[in-house]
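Chain residues, written in single-letter form:
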Amino acid sequence: MAARCGLPLEPGYLVLSVRAPVPQEPVAARRLLHQVLGRLAPAADGRALSLPNGQGGHILLPLGTPHAGLVRNLSTGLSRRVIVGAALAATPGDVPAAEQAHRIAAIARTPGVHRLQDVLLDYHLAGSKDSAAELAALLDPLDGHACLVEAVAAFLDCDLDRRRTARALRVRPNTVDNRLARAAQLTGLDPHTTHGVQLFGAALTLRRLHEGSATGFLPG
């Protein structure tokens, strides 16, 4: 792509994988990528590269550009919320960096820019393929109960704080309690316990990865 655009490759890049928090149509995905690129490109002096995909795409920023502040505040000022995975590519041929950024974006639950250390546990747990199907199946009893899945995910994101969860979901705390109790009843896992938190968190991560793969967001 750099050759087609007449651009020389940089010694290294900050690789960003961009997606919306929820699946979207390809046209909307490209529009989102272009919005993010528009925010970052000026700092790269026209040397940024991008490649769209079904849920957003990749942006490559030369390591020598002053992009740190822009990336840190990337989630503000856009028409819609965005999730970004970030990884460093020490050389132009560092393909694993693009795959890592891709996977980080798929695993991350909240809008903003995420690096590996931000999702390290989920990233590590999601790499065990022999038990992945069984672990993801823990959420099967919640199929058809999107509000219960949403409640558990928000509860984990809010550090098990029911009031913060209620504000995030725009419901009453008692509604959160009822939904968590129903999720525990259906799955046999209690999101208030350490064991339940770990299993719910890992299962939610694997389900997001599976959904990302089904939409073409994840490689392989």
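Within each chain, residue numbers correspond to sequence positions counted from 1 in written order. Selection of residues for local features in this predicted model requires a pLDDT of at least 70, selection of side-chain atom pairs for listing and counting requires 80 or more, and totals for whole chains, interfaces and linings are taken over all residues. Side-chain descriptors were evaluated using all non-hydrogen atoms of the structure, hydrogens and water having been removed beforehand.

Draft legend 1. The arrangement of the overall build of the chain in detail. In this description a helix means any DSSP run of H or I spanning at least four residues, a strand means any run of E spanning at least two, and both kinds are numbered starting from the N terminus. Along the backbone of the chain there are ten helices and five strands. Looking at the chain as a whole, 43% of its 220 residues are labelled buried. In what follows, residue pairs with any heavy atoms lying within 4.5 Å of each other are defined as contacts. Long-range pairs, those at least 24 residues apart, make up 66% of the contacts in the chain between residues at least 6 apart in sequence. Here the chain has roughly 11,600 Å² of accessible surface; of this, 54% comes from carbon and sulfur atoms. The classification of residues rests on relative accessible area computed with a 1.4 Å probe and restricted to protein chains. Under 20% of the type maximum is buried, over 50% is exposed, and intermediate values are partly exposed. Only the protein chains shown count as covering a residue, and every accessible area follows the Shrake-Rupley method with a 1.4 Å probe.

Draft legend 2. Highlighting the nonpolar core. The nonpolar core is taken to be a set of buried Ala, Val, Leu, Ile, Met, Phe, Trp, Tyr and Cys residues, with the residues joined through side-chain atoms within 4.5 Å. In terms of nonpolar packing, the biggest core is built from 19 residues, with Leu139, Leu142, Val152, Leu180, Ala183, Phe200 and Leu204 touching the most fellow members. The set of elements that each furnish at least two residues to this core consists of helix H7 (146-157), helix H8 (162-169), helix H9 (173-187) and helix H10 (194-214). By residue number, the principal contributor to this core is H7, which donates eight residues. Judged by nonpolar contacts, the second largest core, of 18 residues, contains Leu14, Leu32, Leu78 and Ala86.

Draft legend 3. Expanded view of the side chain of arginine 208. For arginine 208, the position within the fold is in helix H10. At 3.0 Å, the side chain of arginine 208 and the backbone oxygen of isoleucine 107 are in polar contact. Among all residues touching arginine 208, those that are not within four sequence positions of it are Ala106, Ile107, Ala108, Arg109 and Asp122. The term polar contact refers here to a pair of N or O atoms within 3.5 Å; inside protein, the definition further demands a hydrogen-donor-capable atom paired with an acceptor-capable atom, and it admits residues adjacent in sequence only when both atoms are side-chain atoms.

Draft legend 4. Region of interest: the pattern of salt bridges. One speaks of a salt bridge when a side-chain nitrogen belonging to Lys or Arg is within 4 Å of a carboxyl oxygen belonging to Asp or Glu. In total, this model carries five salt bridges according to the counting rule given. Of the charged contacts, one joins arginine 109 and aspartate 157 as a salt bridge, the two residues approaching to 2.3 Å between their closest N and O atoms. Placement of the pair is arginine 109 in the loop between helix H4 (95-107) and strand S5 (112-114) and aspartate 157 in helix H7, with a sequence separation of 48 residues. Residue classification places aspartate 157 among the partly exposed residues on the basis of a relative accessible area of 27%. Arginine 207 is the partner of aspartate 140 in a salt bridge, and the nearest nitrogen-oxygen pair spans 3.3 Å. In this pair, aspartate 140 is assigned in the loop between helix H6 (132-136) and H7 and arginine 207 in helix H10, connecting sequence segments 67 residues apart. If you follow the salt bridges from partner to partner, you end up with Asp140, Asp143 and Arg207 in one network.

Draft legend 5. The sheet that holds strand S3 (residues 56-62), seen in detail. By the convention used here, strands pair only if DSSP detects at least 2 bridges between them. Strand order in this open sheet of five strands is S2-S3-S1-S4-S5, and the pairing throughout is mixed. Either end of the sheet is taken by a strand with one partner, and the two such strands are strand S2 (49-53) and S5. On average, each strand axis in the sheet is inclined to that of its neighbour by 20°, with strand direction left out of account. Inspection of the sheet shows S2 paired to S3 by five bridges, in the antiparallel sense. Residue pairing in the sheet places leucine 49 in a bridge with leucine 60 of S3. Axis definition: a line fitted to C-alpha atoms, limited for helices to the stretch in contact. Angles are taken between N-to-C directions and run from 0 to 180 degrees. Strands strand S1 (13-19), S2 and S3 of the sheet are contacted by helix H2 (residues 26-40), whose axis makes an angle of about 15° with S3.

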